[in-house]
Amino acid sequence: QVQLVESGGGLVQAGGSLRLSCAASGRIFSSFAMGWFRQAPGKEREFVATISWLGSTSYADSVKGRFTISRDNAKNTVYLQMISLKPEDTAVYYCGAKLGGGSGSWDDYVYWGQGTQVTVSS
């Protein structure tokens, strides 16, 4: 079992930055691939970024060059650094964990956090 807790969300103006954190407990964190997804009101959950247990990363086209996913296995934490935020980035952001490689498909992930709200004002 893996427990995930996201933090770092909030209200920010367009062009601003936020860093989300996802702290994991339970099974060996370093063996899991991690992903960030987001869900805006009335929309389906969408892929944002993923990082494999080896540190390989992949991003949605909409966030490339603005968001950076990273992990600190010593702290059992994955991060999402977000810069140049836009109003369309407003959503609840979720982190997920899965065994094996990184994935952009939310249904590949076994464990999920409760989400953290990010609101970007124009």
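This one's a predicted model, so the numbers in the text were calculated from it and none came from an experiment.

Student: Would you take a moment to explain the pairing of strand β7 (residues 67-72) for this structure?
Tutor: Successive side chains on a regular strand alternate, one facing one side of the sheet and the next facing the other. The alternating pattern of β7 places Phe-67, Ile-69 and Arg-71 on a buried face, while none of Thr-68, Ser-70 and Asp-72, on the opposite face, is buried. Where β7 meets strand β8 (residues 77-82), six bridges bridge the pair, whose relative direction is antiparallel. Across the sheet, residue Asp-72 finds its bridge partner in β8, namely Thr-77.

Student: How do you make sense of the side chain of Thr-77 when you look at a structure like this?
Tutor: With respect to the element layout, Thr-77 can be found in strand β8. A polar side-chain atom of Thr-77 sits 2.8 Å from the main-chain carbonyl oxygen of Lys-75. When residues no more than four places from it in sequence are discounted, the contact partners of Thr-77 are Ser-21, Cys-22, Ala-23, Phe-29, Ser-70, Arg-71 and Asp-72.

Student: Can you help me understand the packing of aromatic side chains in this one?
Tutor: The geometry of an aromatic ring pair is captured by the separation of the ring centres together with the interplanar angle, meaning the angle of the planes. Under the criterion given, the structure shown has five aromatic pairs. Aromatic pair Phe-37 and Phe-47: ring centres 5.7 Å apart, planes at 65°, arrangement edge-to-face. Here the residue Phe-37 occupies a position in strand β4 (residues 32-39), and Phe-47 occupies one in strand β5 (residues 46-51), the gap between them amounting to ten residues. A residue is classified by how much of its surface remains accessible, and Phe-37, at 1% relative accessible area, is buried. Geometrically, the ring pair formed by Tyr-109 and Trp-112 is tilted, given 5.7 Å between the ring centres and 50° between the ring planes. With a relative accessible area of 6%, Tyr-109 lands in the buried category. Taken together, the aromatic side chains of Phe-37, Phe-47, Tyr-109 and Trp-112 make up a single cluster linked through ring pairs. One cation-aromatic arrangement involves Arg-45 over Tyr-94; the distance from NZ or CZ to the ring centre is 3.9 Å.

Student: Teacher, can you tell me more about the pattern of salt bridges here?
Tutor: Where side chains of opposite charge bring their charged atoms close, a pairing between them can arise. The full count for this structure, using the stated rule, is four salt bridges. One salt bridge connects Lys-64 with Asp-61, and the closest N-O pair in it is separated by 3.2 Å. Here the two residues Lys-64 and Asp-61 agree in accessibility, since each one is exposed. A salt bridge links Arg-66 to Asp-89, with the nearest nitrogen and oxygen atoms 2.7 Å apart. Here Arg-66, found in the loop between β6 (57-59) and β7, pairs with Asp-89, found in the loop between β8 and β9 (91-99); they are 23 residues apart in sequence, far enough to count as distant. Neither residue differs from the other here; Arg-66 and Asp-89 are each classed as buried. Three or more residues joined by partner-sharing salt bridges are found here, namely Arg-38, Glu-46, Arg-66 and Asp-89.

Cut-off values and rules
Residues numbered from 1 in each chain as written. Predicted model: local features only at pLDDT ≥ 70, side-chain atom pairs only at ≥ 80, totals over all residues. Heavy atoms only, no water. Buried < 20%, exposed > 50% of the residue type's maximum accessible area, 1.4 Å probe, protein only. Helix = DSSP H or I, 4+ residues; strand = E, 2+ residues; numbered from the N terminus. Pairing = 2+ DSSP bridges. Polar contact = N/O pair within 3.5 Å; in protein donor to acceptor, adjacent residues only side chain to side chain. Contact = heavy atoms within 4.5 Å. Phe/Tyr/Trp six-rings, centres within 6.5 Å; stacked < 30°, edge-to-face > 60°. Lys NZ or Arg CZ within 6 Å of the ring centre and 35° of its normal. Salt bridge = Lys/Arg side-chain N within 4 Å of Asp/Glu carboxyl O.

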